[in-house]
Amino acid sequence: MSYAIEFTDVKEINPVDLPDVEAPGPGEALVRTHRMGICGTDLSCYLGKFPFFAYPRTPGHELGLEVVAVGEGVTNVKAGDKCSLEPYVNDPTTVASQKGKSNACPGVQVIGVHKSGGLRKSNWTVPAHKLHPGNELSYDELALVETLAIGYHAVKRGNPQPGETVMVIGAGPIGLACLEFLKLMDVKVLVVDFAQNRLDFCTEKLGIKHPVQAKTDGSHLTEIEKITGSGFCDVIIDATGHAGSMVQCYEYAAVGGRVVYVGITAADITFPQAPFFHRRELSIMASRNALPADFPEIIEILKAGKIDLKNWITHRLDIEDVPTEFDKFTDPATGAIKAVITVND
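Here's what I pulled together on the structure shown here. (Residues numbered from 1 in each chain as written. Predicted model: local features only at pLDDT ≥ 70, side-chain atom pairs only at ≥ 80, totals over all residues. Heavy atoms only, no water.)

**Observations concerning the packing of aromatic side chains**
Considering all chains together, one arrives at eight aromatic pairs under this definition. These aromatic residues form a ring-pair network of at least three members: Phe-7, Tyr-46, Phe-53, Tyr-55 and Phe-326. (Phe/Tyr/Trp six-rings, centres within 6.5 Å; stacked < 30°, edge-to-face > 60°.)

The following block contains the structure:
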């Protein structure tokens, strides 16, 4: 038996013992978790706000893993490999999966959300084809690949073209992930957030030249108009999950602009159809999770040194500290950009 963390009920965390799995089955890999990133989904599950999370459950889907052994038929990884986990388990026989939209597969199961995840010291098994090796990277970096993948996929959905202007609304981890990839492109980048400290992080650590502090009265629209020379933004990626922002963002869109919702909300979204959406011939797109091909592409970008994830990790804790320390990350005043849990050294 080995130490693990369980979300037992709403705002209730307990250490539990889980058995070590001895060997992987066909198509499986036996893995050991080294690092776990804490994300907004984990916090929502802890707070009882995530609709698909059932208690009790072991969380953990942003993971840096070591392959301990592989089962019959596994060829993409081997024992000793350092890997990132693609945590979305889909049914390959569905229409969505066969269309290349495995991220939109009905009934997709996310490891660490719909099923127990990797916040455990014991060895456990995952589908081997969901592992993406990156032996040149650290476990910290590998644990953050999944967060990066959400932003990477959203950027690809918006498909920015050279010379275009792109806005990211919300400078949380997903918004930051979008910014990391946009700054590698030949585009003008704006970032909008209410929190000045997050905007400062974007300028000082990511080199974003056009931060815009949002105002409750909407007066920041004038600043956006000035920055864009009254042309506004060709691509808008809303990473807030806030219905008010998701409605207002149409005001920032250029003629022919594309609005990408990567943040989600349970609230209905309504907006004036004629003044913005129809008159400017806008397109609305959703972005859900990421695709398998996104993971190796991001790992190659990290290997090339184009993104420095040391800037991201502002807080660290050991797995034994999770029962007493996890709750503080629900408070924005903690100032965490990204917290990483050391599971096994």
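**Observations concerning unusual backbone geometry**
Here the residue pair Tyr-55 and Pro-56 is connected by a cis peptide bond, since its omega of -10 degrees sits within 30 degrees of zero. You can see Pro-56 is positioned in the loop between helix H1 (40-47) and strand E4 (62-70). The backbone of Lys-11 sits at a positive phi, close to 55 degrees, despite the residue not being glycine. Located in the positive-phi region is Phe-232, a residue other than glycine, with phi close to 60 degrees. (Helix = DSSP H or I, 4+ residues; strand = E, 2+ residues; numbered from the N terminus.)

**Observations concerning the side chain of Asp-234**
Residue position: Asp-234 is located in strand E13 (residues 233-238). Buried charge without a partner: Asp-234 forms no salt bridge, and the closest opposite charge is Arg-258, 5.3 Å away. For Asp-234, the contacting residues outside a window of four places in its chain are Glu-164, Thr-165, Ala-254, Gly-257 and Arg-258. (Buried < 20%, exposed > 50% of the residue type's maximum accessible area, 1.4 Å probe, protein only. Lys, Arg positive; Asp, Glu negative; His and termini not counted. Salt bridge = Lys/Arg side-chain N within 4 Å of Asp/Glu carboxyl O. Contact = heavy atoms within 4.5 Å.)

**As for the nonpolar core**
Within the largest apolar cluster, 84 residues are counted, with the highest numbers of intra-cluster contacts made by Leu-131, Leu-176, Leu-179 and Ile-341. Of the residues forming this core, the biggest block, ten residues, is contributed by helix H3 (residues 139-158). Other than its neighbours up to four places away in sequence, Leu-179 contacts Val-168, Val-189, Val-191, Cys-202, Leu-206 and Ile-208. Counting residues in hydrophobic clusters, the runner-up holds 20 residues, among them Val-192, Ala-214, Ile-236 and Ala-254. (Core = buried A, V, L, I, M, F, W, Y, C linked by side-chain atoms within 4.5 Å.)

**Re H3**
With 20 residues, H3 extends 30 Å between its outermost C-alpha atoms, agreeing within 8% with the 28 Å of an ideal straight helix rising 1.5 Å per residue. Along H3, the sharpest change in direction is near 35 degrees and occurs at Val-145. Of all 20 residues making up H3, 18 are buried, and the element is well covered by its neighbours. Positive backbone phi, approximately 50 degrees, marks Asn-159, located one or two places after H3. (Expected span 1.5 Å × (residues − 1). Bend = angle between axes of the 7 residues up to and from the residue.)

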